[in-house]
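Here is how the chains run, residue by residue.
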Amino acid sequence: MFDSAPDPDIPAAATSRPQPRALQQSPEFARALMACGQDPLMLEDAQNLLVLHRRLPGGLRLAMVNRADLRNTAPLMAALRARGLGRTPLILSPETPAPQLARLGAVPLVTPAHAALWDLTGDPEQRRTALHQKWRNRLNHGKSQGLRLTRQNLPHDPRHWLFAADAKQQTARGYRSWPLPLTLAYARENKGKAKLFQAFEGKDPVAAILILTHGSSATYHIAHTTARGKQLSAHPLLLWEAACWLAAKGICRLDFGLIDTGRAPGLARFKLGTGAKAHRLGGTWGLWPPLGRLLRPLTLLDRRQMGA
């Protein structure tokens, strides 16, 4: 349905897919960070975990591990010691609940949030059946509006209308996304893996979605719909067609990012209306290895709220 040429940069669906990983743990993300002057560690000897590290005022170093599989922390700790970071304070944000971190002396900092993950395996009819009824109605409405859909690699243009609209949206809603240079670096350093999907009424853009692919997964990065686009149900139509295209290319999961049913219930309903599942993350923990044994009794008090 997309009005664009074939994509030579993304292979057709593969018969075997690597295990899905969060964007924050991907080599593609590491390349974008390095292009922006950062120096992330990709620990091959610790399940290829991606570790960010920085030096704080006073010379103290801090390491961060985000959206990682931390069911077994031994490889991570050994790899950090091998690189001279064994006594470095850590901020750990596991992909799944990890109450076992308390045994290391990790201190709970933030209780677990939820991410919406859309399984793109199976055929389009299975995905369509999984849509919530209101979502399906909006999709059908969008299909009847005669919109023109396009797909392209993200242009290296910081003045693109989607970026301007997203900046205004962030200010209005009080949240912050990636810095624009990082998004552009991701597209530049990972050819063909930053896909821009747009819907047009005539020559006017009414909706756009920027999706970042990484391995067998994809992440819903930026999206905006104009007032006219909402009237035309452009966003559900565009997202549905984008998901079908991703699935045909071998992408097995679309990560919508965090959902907050309290502060943004409408957005949460939209994401979950696709049939995506609410996936509980592991919260955020602080660990300073030299103090681990001393803090262990304190951390055990909060273990229940950080568990599954």
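Parameters and conventions
Residues numbered from 1 in each chain as written. Predicted model: local features only at pLDDT ≥ 70, side-chain atom pairs only at ≥ 80, totals over all residues. Heavy atoms only, no water. Buried < 20%, exposed > 50% of the residue type's maximum accessible area, 1.4 Å probe, protein only. Helix = DSSP H or I, 4+ residues; strand = E, 2+ residues; numbered from the N terminus. Axes fitted to C-alpha atoms, helices over the stretch in contact; angles between N-to-C directions. Left-handed = near helix turned anticlockwise from the far one by under 90°. Contact = heavy atoms within 4.5 Å. Nonpolar A, V, L, I, M, F, W, Y, C, P; charged D, E, K, R; others polar. Core = buried A, V, L, I, M, F, W, Y, C linked by side-chain atoms within 4.5 Å. Pairing = 2+ DSSP bridges.

1. Digging into helix H1 (residues 27–35)
In an α-helix there are 3.6 residues to a turn, and that puts residues three or four apart on one side.
Moving on, step 1. Among the residues of H1, Glu28, Phe29, Ala30, Ala32 and Leu33 are the ones counted as buried.
Moving on, step 2. Gly37 occupies a position one or two residues after H1 and carries a positive phi of about 90°.

2. Describing unusual backbone geometry
Moving on, step 1. Positive phi, close to 60°, is recorded for Gln47, a residue that is not glycine.
Moving on, step 2. Although it is not a glycine, Ser233 sits at a positive phi angle of roughly 55°.
Moving on, step 3. Following the sequence through the fold, Ser233 ends up in the loop between helix H7 (227–231) and helix H8 (234–248).
Moving on, step 4. Taking the relative accessible area as the measure of exposure, Ser233 reaches 7% and is therefore buried.

3. Description of the packing of H1 against helix H6 (residues 180–189)
Moving on, step 1. At a minimum axis separation of 8 Å, H1 and H6 run at an interaxial angle of 115°. H6 is crossed by H1, and the crossing has right-handed handedness. Mapping the contact onto sequence places Glu28, Phe29, Arg31, Ala32, Leu33 and Ala35 in H1 and Leu182, Ala185, Tyr186, Arg188 and Glu189 in H6.
Moving on, step 2. Here the residues of the contact of H1 with H6 are counted per class, giving seven nonpolar, no polar and four charged.

4. Regarding the nonpolar core
Moving on, step 1. Membership of the largest hydrophobic core comes to 37 residues, with the highest contact counts inside it found for Trp118, Leu239 and Leu254.
Moving on, step 2. Those elements giving two or more residues to this core turn out to be strand S6 (114–119), helix H4 (133–143), strand S8 (194–201), strand S9 (204–214), strand S10 (217–225), H8, strand S11 (253–259) and helix H9 (265–272).
Moving on, step 3. With sequence-adjacent residues up to four places away left out, Trp118 is seen in contact with Arg127, Leu239, Trp240, Ala243, Cys252, Arg253, Leu254, Phe256, Thr274, Gly275 and Ala276.
Moving on, step 4. Judged by nonpolar contacts, the second largest core, of 22 residues, contains Leu41, Ala46, Leu85 and Leu90.

5. Some remarks on the sheet that holds strand S1 (residues 41–43)
Moving on, step 1. The strand order across the open sheet built from six strands is S1-S2-S3-S4-S13-S5, with neighbouring strands paired in mixed fashion. Strand pairing shows two members of the sheet lacking a second neighbour, S1 and strand S5 (107–110), which therefore form its edges. Strand-to-strand twist across the sheet, computed as the mean angle between neighbouring axes with direction ignored, equals 25°.

6. Quick notes on the side chain of Gln169
Moving on, step 1. Summarising the element assignment, Gln169 is placed in helix H5 (residues 161–173).
Moving on, step 2. Excluding residues that lie within four positions of it along the chain, Gln169 makes contacts with Tyr175, Ala223 and His224.

7. Examining the pairing of strand S2 (residues 49–55)
Moving on, step 1. Bridge count for S1 against S2 is three bridges, and the pairing is antiparallel. Residue pairing across strands places Leu43 opposite Leu49, the latter belonging to S2.
Moving on, step 2. Here S1 hands over to S2 after five residues, with Gln47 in that stretch at a positive phi of 60°.
Moving on, step 3. Where S2 meets strand S3 (residues 61–68), four bridges bridge the pair, whose relative direction is antiparallel.

8. Quick word on the environment of Pro181
Moving on, step 1. Tracing the backbone through its elements, the reader meets Pro181 in helix H6.
Moving on, step 2. With relative accessibility at 55%, the residue Pro181 sits in the exposed group.
Moving on, step 3. For the pair Pro181 and Leu33, spaced 148 residues apart in sequence, the C-alpha separation works out to 9.9 Å.

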